[in-house]
Structure formats: structure tokens, C-alpha cells
Amino acid sequence: MFKSSQVFTYIDSNTGVNQDGEKYFAINVMSKGTHKKKLSFVTKDDELINKISQMKFIDFQDVVLVVLFDRNYIKDKKVSYWNCELIDIGSNRNS
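Residues numbered from 1 in each chain as written. Predicted model: local features only at pLDDT ≥ 70, side-chain atom pairs only at ≥ 80, totals over all residues. Heavy atoms only, no water.

Visitor: If you had to explain a nonpolar patch on the surface to someone new, which residues and values would you point to?
Guide: A cluster of nonpolar side chains, Ile74, Val79 and Tyr81, forms an exposed patch at the surface whose accessible area comes to about 240 Å². As for its position among the elements, Ile74 is in strand S4 (residues 62–74). You can call Ile74 partly exposed: its relative accessible area is 34%. (Patch = residues over 30% accessible without salt bridge, like charges linked within 9 Å, V, L, I, M, F, W, Y side chains within 5 Å. Areas by Shrake-Rupley, 256 points an atom, 1.4 Å probe, with all protein chains shown as cover. Salt bridge = Lys/Arg side-chain N within 4 Å of Asp/Glu carboxyl O. Helix = DSSP H or I, 4+ residues; strand = E, 2+ residues; numbered from the N terminus. Buried < 20%, exposed > 50% of the residue type's maximum accessible area, 1.4 Å probe, protein only.)

Visitor: I'd like a description of the pattern of salt bridges, backed by residues and values.
Guide: Evaluated as defined, the whole model comprises 3 salt bridges. Close ionic contact of Asp62 with Lys32 constitutes a salt bridge, the shortest N to O distance being 2.7 Å. Placement of the pair is Asp62 in strand S4 and Lys32 in the loop between strand S2 (23–30) and strand S3 (38–43), with a sequence separation of 30 residues. With a relative accessible area of 42%, Lys32 lands in the partly exposed category. Asp88 is paired through a salt bridge with Lys51; the nearest N and O atoms lie 2.6 Å apart. Placement of the pair is Asp88 in strand S5 (residues 79–91) and Lys51 in helix H1 (residues 46–53), with a sequence separation of 37 residues. Looking at Asp88, the relative accessible area reads 30%, which means it is partly exposed.

Visitor: Explain H1 to me, and be specific about the residues and the numbers.
Guide: Leu48, Ile49 and Ile52 are the residues of H1 that are buried. Buried residues of H1 fall within an arc of 100 degrees about the axis and therefore sit on the same side. Along H1, the residues that are exposed and aim more than 90 degrees away from the buried face are Glu47 and Ser53. (Arc of directions from axis to C-beta.)

What follows is the structure in C-alpha cells.
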């Protein structure tokens with residue numbers, strides 16, 4: 001497990017409730033640099049969702065996302081995959 005933070009360009013975001021009844025927040029961003037990629041990050045943490053709901057974002061604003069990468073294993077199939085979860089968000093004060 002490791003934590004990473006990176007500056008991205010904000011595109012849009014939405015909140016909703018999944019089929020299991022869990023509230024979630026999803027943010028769509030674009031990476032910086034020469035090879036731009038559109039990425040989406042999701043959180044189900046109520047405390048973080050409340051914090052984000054009080055924030056105002058404008059299109060193409062720089063935002064700092066902190067994500068947690070965790071390695072998960074499926075024992076039955078003997079395979080593993082990386083899970084990425086949004087754990088914090090802020091504005092880029094350098095811009």
C-alpha cells in the first residue's frame with residue numbers, strides 16, 4: 001500500500017448512490033504534461049464527501065488529489081490487482 005499526491009486539471013465531478021446504497025463522489029480530471037490522459041477517481045468516505053461538497057471548482061482548475069493504492073488478491077483465481085481510492089483533495093496553491 002502506498003499514498004501518492006499529484007496535481008491534475010479538473011474537468012467535472014458528480015455524486016450519487018450506487019446499487020448497494022452507498023453514497024459516492026467521482027471526480028474526472030486530466031493529467032498534466034505532454035501525454036494527457038483523462039482519469040476518474042472515486043471515494044465512498046462520508047467525511048471526504050462532505051468536505052468536497054463545500055468546495056467550489058471551476059472548469060480546468062488545478063486540483064491536488066491524494067490517492068491510496070492498495071494491492072488486492074483474489075485467492076480463488078490466484079490473481080492480484082491494484083485498487084486506487086481517493087482519500088483527500090485540495091486546490092493547488094502554486095497556480
